[in-house]
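# Residue-level structural notes
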Amino acid sequence: MAREMGYTPNAIAQSLQTRQTSMIGLVVTSISDPFWGDVMKGVEEVARESGFSVILSASHNDPDQEMAVIETFHRRRVDGILVAASRITGNYKARLDHIRIPTVLINSQAESEAGLLHWVSVDDRKGAQLAVEHLLRLGHRSIGYLGISSRPRSNQQRLLGYQSALAAIGVPFYEARVVITSGDEASHEEDVAAGQASLPRLLEAGVTAVFCYNDMTAVGVLMACREQGIAVPGELSVTGYDDIRIASYVTPPLTTVQQPKVQLGSLATLVMMDLLNSRPGRNHLLEPTLMLRASTAPLAAS
């Protein structure tokens, strides 16, 4: 009879009875960032299979805004919260303790997250080593790193990976070959502009190859090279990081480090499901993969 009458159960009334809303809050830095689209796909797949809905909000790379979104989710009585590229630090511990909602971080940018919350991340240092080792195998020794200050933790880990790959075969590290651009938006527009603006400094340092923080900064470098008549990879090899979809569509297609983005989202949501079902949650560090395309070439070809 309920079906015949088109009756729809009141989810709010049900949640009062069950003390569960079957909703998960997801906080991302930006809804326009192509990286997080695949992460959201992984989150929604697992949430849907588990009977949960996902509410999305953006923090715009602001830790105060991020904390405000988490507190809003708490007031809306979500059962758990996933936070992408979190800036949460120990300064927010008292507020987090007050909320007491299962929270899982995805690719956190805060150094102190391990002592606060559960997390799922990709091994940034290993990914940088893969990219730089590839350039070294091609014969490059003057390799630059183009970093981004708006993602402090992952930028630091990728810089360490770059340095350790050079040190492993005795290639000296030169500060002049490292350019860390300023910024606070963590947007793809900002990343592309950073790549475009940083090329002259890298060329002045005499680099024959550049490892870029992510694919969008690498796209900015490719655009600047095209404007200045610099052949890639003939005169300069370029590698990115993330393997977002545009990486295979640019000219030349971009050699990059693939982060398992869908797996990041799905695994973080599985950790959340464990916590919601009173099972112990585990932290996960995932392995990146090198994707070889046409933006890198042996030094002899330069």
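Structural data are supplied above this passage.
These figures come from a predicted structure and were not determined experimentally.

## Remarks on the pairing of strand 5 (residues 118-122)
- In terms of burial, strand 5 is a largely internal element, 4 of the 5 residues being buried.
- One ladder, built from 3 bridges, connects strand 5 with strand 11 (residues 284-286); its direction is parallel. Among the inter-strand pairings, Val 120 is bridged to a residue of strand 11, identified as His 284.

## Thoughts on the packing of helix 2 (residues 34-49) against helix 9 (residues 261-276)
- Where helix 2 contacts helix 9, the two axes come as close as 7 Å, and the packing angle between them is 40 degrees. Accordingly, the angle class assigned to the pair helix 2 and helix 9 is oblique. Remark: the crossing between helix 2 and helix 9 carries right-handed chirality. Residues Phe 35, Asp 38, Val 39, Lys 41, Gly 42, Val 43, Glu 45, Val 46 and Ala 47 of helix 2 form the contact with helix 9, whose own contacting residues are Lys 261, Val 262, Leu 264, Gly 265, Ser 266, Thr 269 and Leu 270.
- Of the residues contributing to the contact of helix 2 with helix 9, the split by class is 8 nonpolar, 4 polar and 4 charged.

## As for the sheet that holds strand 1 (residues 23-28)
- Strand order in this open sheet of 6 strands is 2-1-3-4-5-11, and the pairing throughout is parallel. Where the open sheet ends on each side, the last strands, each with one partner, are strand 2 (53-58) and strand 11. Shown here is a sheet whose adjacent strand axes are inclined to one another by a mean of 15 degrees, direction ignored.

Cut-offs applied
Residues numbered from 1 in each chain as written. Predicted model: local features only at pLDDT ≥ 70, side-chain atom pairs only at ≥ 80, totals over all residues. Heavy atoms only, no water. Buried < 20%, exposed > 50% of the residue type's maximum accessible area, 1.4 Å probe, protein only. Helix = DSSP H or I, 4+ residues; strand = E, 2+ residues; numbered from the N terminus. Pairing = 2+ DSSP bridges. Axes fitted to C-alpha atoms, helices over the stretch in contact; angles between N-to-C directions. Parallel < 35°, antiparallel > 145°, perpendicular 65-115°, else oblique. Left-handed = near helix turned anticlockwise from the far one by under 90°. Contact = heavy atoms within 4.5 Å. Nonpolar A, V, L, I, M, F, W, Y, C, P; charged D, E, K, R; others polar.

Geometric values such as these leave the question of function open.
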